[in-house]
Each structure stands twice: as structure tokens, then as C-alpha cells.
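# An overview of the molecular structure
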Amino acid sequence: MELGPMNRLIVVSNRVAAVQLGAKGAQGGLAVALGAALRESRGLWFGWSGDFTDKFTGQIHFERGDGVTTATVDLEEQDIEEYYDGYANRTLWPLFHYRIDLAEYERDFAGGYHRVNKRFADTLFPLIEPDDAVWVQDYHMIPLGAELRKRGCKNRIGFFLHTPWPPRRLLLTLPEANELVESMFAYDVIGFHTDEWLHSFAEFVVLENGGTFKDGHLHLKGKSIRLIACPIGIDGREYADLACGEQAKSVHGEMQRSANGRAMIVGVDRLDYSKGLEERFLGYERFLQENPDERKEVFLLQIAPPSRATVKAYQRIRETLEGIAGRVNGAYADLHWVPIRYVNQGYPRDVLAGVYRAARIGLVTPLRDGMNLVAKEFVAAQDPDDPGVLILSRFAGAAEQLKDALLVNPYSAEEMADAIRTALAMPREERVRRWQAMFDNICSEDVVWWRKRFTAALMEVPASVEA
């Protein structure tokens, strides 16, 4: 069952995209994923404005465009320090990516996280109409459903987690793990990218909270939620068209001239420790060490725009990568060739599409990733007659769908070096076969499929639930 004509969709996320939802080529992430559903239902997108205020008032900034209304609120500086920089990005993000060595457990962080979610609920609840369906996005807002229920919301409420869900033993390092998990029973449907993340969540509830799990439904203390594995996609055909557009063609030509006959290996990632960039550089260095005859036939272009620059762990990863890139280039570069081109800035989607199409290898090797849409964009951008090869981490959610990539253990420099050598030597017929299988999957399980699968599950919930 789809959203009906009376059902408005309310999307809630930490940040809200500008009202330019018709500009597909310039949009990415959640804007592309949810734009169509929001337009069809004359929907509302609610979240933080990205701006600060001296004192939280709950004043809502409304903007309307392309059939969508955005509603945003400003937060106090302390809110951002504790809720966003603190609990979301220094506690939950590392924990959910299996990095408990980097997770910081501070009462102030947890307090700020719950305070902001209460403020979001106070502000959002008056905007919710009886037939609305509410879709909460990601780890920033886990308690929001429970806070809305406390205020009397009886609407359908779904939650989608875009990160991995950690194994039970790791989650137990979070001081309030049981309370956080129990709060999620306020939702009607919870979506994960993979069965692995779904079963990790169910296992925690069964073994730690005493719940039961049967036929996709998780039961605890008289409450029930439906769990679904629902991998997010991209608009594969739209991205393929983007890669053939004028801007992408121009960039493609520039990259080919810059490569000067060499095979380009490309990586595009936020500057984040979960992306395995240090391990990627070391794997590439291992390839250079073991293949002296092929050294000057390739180069690695790593695009890594900074993120969360105020968090020390992100400052450290940038320093580490600069050190490795400098060492590798110092050891192997000459007057005419530099083995690593390391770029610390982001680029628009159409520019990246041209870069992907010019690459012989896409190196997507996160240590842990909920999905990773770069892998899908790389595949979609390829020339069907002469495609590049995707090297993909086994620990990215995308690996469950893109089984015809060269799957690697990103912790193994040897395995990564071997995969680079295999990709460079792969015959065109095999490259085409692997690419076709992956492209077919990207187009069949695309972003529209993802959105409809989740909203259909949400709309199957009875129209009124008990708070």
C-alpha cells in the first residue's frame, strides 16, 4: 500500500536540504531519495536549520518550493556541542561503526542528545495532522518517536537507520544501551540497509531485553515493531545520463588528458575514519612495492572533503593521510609522475560523474559502512562498452547487492594490492559482464524502490496506534 491521497509524508532529519528538489543533477543523498515522495504528498521536511541562536525558542522557519515545505529550527551552541558534535558524532557514530576505541561516553553528551530530541518533538508535534505519516531518518533522532508518543502522537511513525547497527557486545559499551533500544519500540517500522544490521538489532532485543523475534516482527513488553532490510539506492539511469552530460564529458576529457595514458584509480569519500582511507593508501603502497613494472602506469586520485573538523579524531585522520601520501610520493614520484593525488575538497555530482567515467578502477574500501552510494554512482557512470572495475569492501552494505565487484578485506594491504593488479589486467569481456550485473541491480533496486518499499511497510500499519 502506497501513501494515499490523504496521507502527507513528514520527513525528519538532522539537516534539511534546500528547496531545490527539482534540480536532480545538483542534488545528492536524502534530497534525491525523498524528493519525489515529498512532492507527491505535498510533504513536509523538518529538522535543524544548521544555524545557531542564543536561546532556543522553537521558532520555525518555513520555506516552500516544488510542492515541498521545509520547516527548520535554530539550536543553541550548547545543543550542537552536546547533541551533534558530542553524542551523535563522538558517541554513536564511532560505536555504530565498530570503533569503540574512539567512542566517548559523557553524561553531558547524552543529556544534550535527549534535550534536543525533546525540543524537536515539542516543535514538530503541533505540525502533525491526523493522516500524516512520519519518517524519521538516522541515528541523530533515535528517541524522537518516543518523545512524539509522549505528546500524544498516534500517527504512523517509521525510523530508518543509515549506518550499521553494531553487534550486541559492542552496543553494551554504551551506558544507556537498553534504554535507547527500548525507546525505539515507539516506532511502527524500523528499516536497515542489510539483514546483518537488522539481525544485530533483533539479537540485542532478544538476548538483552527479553524480547521475541518472529516473522520480521520484534516484540517486547506488549509492543511490536516490524523490521525490514531495505537498502537505499540511487537513480541509476539518471546518474548514467548525468555521466553523459556536457559537464561530465568535459571533466572526463580533462581527466584523460591529465592521466596521460595512465590508468586512474579513484576514491571519493568524506574524510572519516570509517572510510578506511589510511588502509587504502597502505594497500596502494603495497601494490607499488610489489609491481615495479606497473608503477608508472597508474595513479590514485583520492578526493576526500573534510567533515566534522572540530572533532579531534577527524583532525588526526587528516594528519595521518597527509603523512602517508607525502611518504609514498616522496618514495616513488619522479618529474613526470606522482603516484597519489590527494584532494581535500568536494565536487558536484556531475563533475564526479565525469571523474568516475574516466577511471579504470573505483576503490571503495570502507572499514564499515551502512551502504555507500559512491560504489553505486561509480558503476552507473561507466561506459557500458568499456567499463572500469569496482573494488569494494566486504564490510560496506553495498557488498550485499554488488556481488560482481572485486570484494576485498580492507584491513589487508595484500588483498587490496592483489585486487588492483587483477582489475588492471581484467579483460574487457569480463569487465562488461561484471558491470552489467551490477548496473542491472542498481536500476532494479533504485532509490524509488527503496522509498516505496519503506513507505509501503509504514502504510500497512493500522491508521491509529496506541501511544
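Per chain, residues are indexed from 1 in the order of the written sequence. Side-chain atom pairs in this predicted model are given and counted only at pLDDT of 80 or more, local residue features only at pLDDT of at least 70, and totals for whole chains, interfaces and linings cover all residues. Hydrogens are left out, water is left out, and the side-chain values use all remaining heavy atoms of the structure.

Turning our attention to the side chain of K376. Structurally, K376 is set in helix α13 (residues 373–380). Although buried, K376 forms no salt bridge, and the nearest oppositely charged side chain, E445, lies 6.3 Å from it. Helix numbering and strand numbering both begin at the N terminus, where a helix is a DSSP run of H or I of at least 4 residues and a strand a DSSP run of E of at least 2. Buried residues are those whose accessible area, probed at 1.4 Å on protein chains only, stays under 20% of the maximum for their type, while exposed residues exceed 50% and partly exposed ones sit between those limits. Two residue types count as positive, namely Lys and Arg, and two as negative, namely Asp and Glu; His and chain ends fall outside the count. Counted as salt bridges are all cases of a side-chain nitrogen of Lys or Arg within 4 Å of a carboxyl oxygen of Asp or Glu.

Moving on: the packing of helix α2 (residues 77–96) against helix α3 (residues 107–124). One way to put it is that α2 packs onto α3 with a least axis distance of 8 Å and a crossing angle of 115°. Seen along the crossing, α2 lies across α3 with a hand that is left-handed. Side by side, α2 and α3 meet where Q78, D79, E81, E82, Y83, G86, Y87, R90, T91 and L92 of the first sit next to D108, F109, A110, G112, Y113, R115, V116, N117, R119 and F120 of the second. Interaxial angle, 0 to 180 degrees, is taken between N-to-C directions of lines fitted to C-alpha atoms, where a helix line uses only the stretch in contact. For any helix crossing, the convention is left-handed if the near helix is rotated counterclockwise from the far helix by under a right angle, and right-handed if that rotation is clockwise. By definition, residues are in contact when any of their heavy atoms lie within 4.5 Å.

Taking 1.5 Å per residue, 14 residues should reach 20 Å; helix α10 (residues 277–290) reaches 20 Å between its end C-alpha atoms and fits that length. Along α10, the residues that are buried comprise L277, R280, F281, G283, Y284, E285, F287 and L288. Looking at the buried residues of α10, the elements they touch are β11 (263–268), β12 (298–303), α11 (312–332), β13 (340–343), β14 (361–364) and α14 (413–425). Expected helix span is taken as 1.5 Å per residue step, with the number of steps being one fewer than the number of residues.

Viewed as axis vectors pointing N to C, α10 and α14 meet at an angle of 65°, and their least axial separation amounts to 8 Å. Crossing hand, α10 versus α14: right-handed. Residues E279, R280, L282, G283, Y284, R286, F287 and E290 of α10 lie in contact with α14, whose contacting residues are A413, E414, M416, A417, D418, I420, R421 and L424. Residues are sorted three ways: Asp, Glu, Lys and Arg are charged, Ala, Val, Leu, Ile, Met, Phe, Trp, Tyr, Cys and Pro are nonpolar, and all the rest, Gly among them, are polar. Within the contact of α10 with α14, the residues separate by chemical class into 8 nonpolar, 1 polar and 7 charged.

Residues Y239, Y284, Y356, L390, I391 and L392 are the most contacted members of the largest nonpolar core, which totals 97 residues. In this structure, Y356 is in contact with Y239, V266, V268, V374, E377, F378, A381 and Q382, ignoring residues within four places of it in sequence. Nonpolar cores were defined as sets of buried Ala, Val, Leu, Ile, Met, Phe, Trp, Tyr and Cys residues, with membership established by side-chain atoms within 4.5 Å. Core analysis: the second largest hydrophobic core is formed by 65 residues, I10, M141, L174 and F192 among them.

Moving on, we come to the pattern of salt bridges. If you walk through the whole model with that rule in mind, you get 32 salt bridges. Of the charged contacts, one joins R8 and D132 as a salt bridge, the two residues approaching to 2.7 Å between their closest N and O atoms. Taken together, the residues R8 in the segment before β1 (9–15) and D132 in the loop between α3 and β5 (133–137) connect sequence positions 124 residues apart. When sorted by exposure, R8 lands in the same class as D132, which is buried. One continuous salt-bridge network, built from bridges that share partners, spans E76, D79, E82, R115 and R119.

Now for the pairing of strand β6 (residues 156–160). Among the 5 residues that make up β6, 5 are buried, leaving the element largely enclosed by the rest of the structure. Across 5 bridges, β5 lies against β6 in parallel orientation. Looking at β6, one finds that A133 is bridged to R156. In this region the chain leaves β5, passes through helix α4 (residues 144–150) and returns to the parallel neighbour β6; the handedness of that crossover is right-handed. Pairing of β6 with strand β7 (residues 189–192), which is carried by 3 bridges, proceeds in the parallel orientation. Residue F160 lies in a different strand from β7, and its bridge partner there is G191. Strands are treated as partners if at least two bridges between them are detected by DSSP. Look down the strands so they point away from you; if the path from the first strand over the helix to the second goes clockwise, the crossover is right-handed.

The description of two aromatic rings rests on the distance between their centres and on the angle between their planes. Put simply, two rings from Phe, Tyr or Trp (the six-membered ring, in Trp's case) pair if the centres are within 6.5 Å, and we call them stacked under 30 degrees between planes, edge-to-face over 60, tilted for the rest. This model, assessed by the stated rule, comprises 19 aromatic pairs. For the pair Y239 and Y356, a centre-to-centre distance of 6.5 Å together with 40° between the ring planes defines the contact as tilted. Pair noted here: Y239 is in helix α8 (residues 236–242) and Y356 is in helix α12 (residues 349–358), with a separation of 117 residues, a long-range link. Between Y356 and F378, the aromatic rings sit 6.1 Å apart at their centres with planes inclined by 80°, giving edge-to-face as the arrangement. Of this pair, Y356 sits in helix α12 while F378 sits in helix α13, and the two are 22 residues apart along the sequence. In this structure Y356 comes out as buried when scored by relative accessible area, which is 1%. F378 gets classed as buried once you look at its relative accessible area, which sits at 2%. When the NZ atom of lysine or the CZ atom of arginine is within 6 Å of a ring's centre and also within 35 degrees of its normal, the charge is said to sit over that ring. Its end group placed over the ring of W48, R15 keeps NZ or CZ at 5.1 Å from the ring centre. A cation sits over an aromatic face here: R368 above Y98, 3.9 Å from the ring centre.

This part takes up the sheet that holds β6. Taken together, 10 strands build an open sheet; the order of strands is β3-β4-β2-β1-β5-β6-β7-β10-β9-β8 and the sheet is mixed. Since the sheet does not close on itself, it has two edges, and those belong to β3 (61–65) and β8 (212–214), each with one partner. The average undirected angle you get between the axes of adjacent strands in this sheet is 25°. In terms of strand pairing, β3 meets strand β4 (residues 68–75) through 5 bridges, oriented antiparallel. Within the sheet, the bridge partner assigned to E63 lies in β4 and is T70. Each of β7, β8, β9 (217–220) and β10 (223–229) is contacted by helix α7 (residues 195–208), which is oriented at about 160° to β10, the strand it contacts most.

With that out of the way, let us pick up the sheet that holds β13. Judged by pairing direction, the sheet is parallel, and its 6 strands sit side by side in the order β13-β12-β11-β14-β15-β16 without closing on themselves. Two strands bound the open sheet, and with one partner strand each, they are β13 and β16 (406–408). Strand-to-strand twist of the sheet, defined as the mean angle between neighbouring strand axes without regard to direction, takes the value 20°. Pairing analysis gives 4 bridges linking β14 to strand β15 (residues 389–393), with the strands arranged parallel. By the bridge assignment, L363 is partnered in β15 with I391. The strands touched by α13 are β11, β14 and β15; relative to β15, the strand with the most contacts, the crossing angle is about 170°. Lying on the sheet, α14 is in contact with β11, β12, β14, β15 and β16; it crosses β16 at an angle near 170°.

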